[in-house]
Amino acid sequence: MTTMTSRRLVVDVHADAVAAGAAVARRVVDLVRSRPRAVVGVATGSTMEPVYAQLARIVAREGVDLRGVQWFALDEYVGLPPGHPESYREVLARQLVAPLGLDPSAVHVPGAGPRGETEPPQEYDARIAEAGGVDLQLLGIGRNGHLAFNEPGTPFDTPTHRVRLTASTREANRRFFPGAEPPQEAITQGLGTIGAARELELVALGPAKAAALRDALDGPVGPDCPASLLQRHPCARVSADPAAAALLAG
Ligand code: GLP
């Protein structure tokens, strides 16, 4: 693993996705050990799969007590029928709740209240605040630099809100909806919500993320690249593989 220290935020370049996943999973475990009632923000997407797989391995091997932890998803599609396998609630049920043996009520998803009832997007920020705020927010990055479903042009202070997905994001996520149209809308934590987390951990894997990561870390800070928010955050870290880090300035 190489650590790049030329920026204010730390960039760790790991040998591969498994190593990156293990390092990020270890950070989650360290947080929970020091703060048993931790609040963890969880992303969905292919990037998170090695993180959650490694987290499940560590938890099984070391017996980490996760009973006090609250988990808040970054985003959720609008319009999928309940129980749709590609809804982010179901993805988290498969990748996080089942392997870690979590109580499903400890996992929160925007747009849905504690009993699964429809909830206005802004209620989500109030629920995060009630839980004490997010200690560690895990993030992926979209190919256009989006964070969660905050597309380019989103102001940095937006709360959780409903969004229309761009054509490029719908294309990127089409692989999850074979034979069907990807959803048109979603509810997403806003950039203001994400930026309020005490710590941000962005994971970027593979060559398709290289340009977005370069723009986010070495380009100008502003809404044209939502992930450039990390440059302003007081405690942000990036874990990448060599392909995603390939275009970064030394
Ligand atoms: C998706 C999600 C984001 C995710 C990103 C990257 O559209 N809304 O939360 O981080 O795009 O996804 P992936 O990891 O599958 O490349």
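Scroll up to find the structure.
Definitions and cut-offs
- Residues numbered from 1 in each chain as written.
- Predicted model: local features only at pLDDT ≥ 70, side-chain atom pairs only at ≥ 80, totals over all residues.
- Heavy atoms only, no water.
- Helix = DSSP H or I, 4+ residues; strand = E, 2+ residues; numbered from the N terminus.
- Expected span 1.5 Å × (residues − 1).
- Buried < 20%, exposed > 50% of the residue type's maximum accessible area, 1.4 Å probe, protein only.
- Contact = heavy atoms within 4.5 Å.
- Pairing = 2+ DSSP bridges.
- Axes fitted to C-alpha atoms, helices over the stretch in contact; angles between N-to-C directions.
- Near = heavy atom within 4 Å.
- Polar contact = N/O pair within 3.5 Å; in protein donor to acceptor, adjacent residues only side chain to side chain.
- Areas by Shrake-Rupley, 256 points an atom, 1.4 Å probe, with all protein chains shown as cover.
- Nonpolar A, V, L, I, M, F, W, Y, C, P; charged D, E, K, R; others polar.

Attention now goes to helix H2 (residues 48-62). In this model, H2 (15 residues) spans 21 Å end to end at C-alpha, consistent with the 21 Å of a helix rising 1.5 Å per residue. Buried within H2 are the following residues: Met 48, Pro 50, Val 51, Tyr 52, Gln 54, Leu 55, Ala 56, Ile 58 and Val 59. At its buried positions, H2 is contacted by helix H1 (17-34), strand E3 (39-42), strand E4 (70-73), helix H3 (88-100), strand E7 (136-139) and strand E10 (199-204). Positive phi appears at Gly 63, one or two residues downstream of H2, with a value of about 65°.

So, on to the environment of Glu 201. Tracing the backbone shows Glu 201 in strand E10. Note: C-alpha distance between Glu 201 and Val 238 (37 residues apart in sequence) is 5.7 Å. Contacts of Glu 201, omitting those with residues within four sequence positions, involve Val 24, Arg 27, Leu 136, Gln 137, Leu 138, Leu 139, Arg 237, Val 238 and Ser 239.

With that settled, consider the sheet that holds strand E9 (residues 185-188). Reading across from one edge, E5-E9-E8 is the order of the 3 strands in this open sheet, with antiparallel pairing throughout. Strands with a single pairing partner mark the edges of an open sheet, and in this sheet they are strand E5 (75-78) and strand E8 (161-164). Between one strand axis and the next, the sheet turns by 30° as a mean value, whatever way the strands run. Here E8 pairs with E9 via 4 bridges, running antiparallel. The residue of E9 that forms the bridge with Arg 164 is Glu 185.

This part takes up the site of the ligand. Neighbouring the ligand are 14 residues, the closest being Ser 46, Thr 47, Asp 75, Arg 175 and Lys 209. In the environment of the ligand, an oxygen atom lies 2.9 Å from a nitrogen or oxygen atom belonging to the backbone of Ser 46. Burial of the ligand by the surrounding chains reaches 94%, relative to a free accessible area of 390 Å². Residues of the shell around the ligand, tallied by class, amount to 4 nonpolar, 7 polar and 3 charged.

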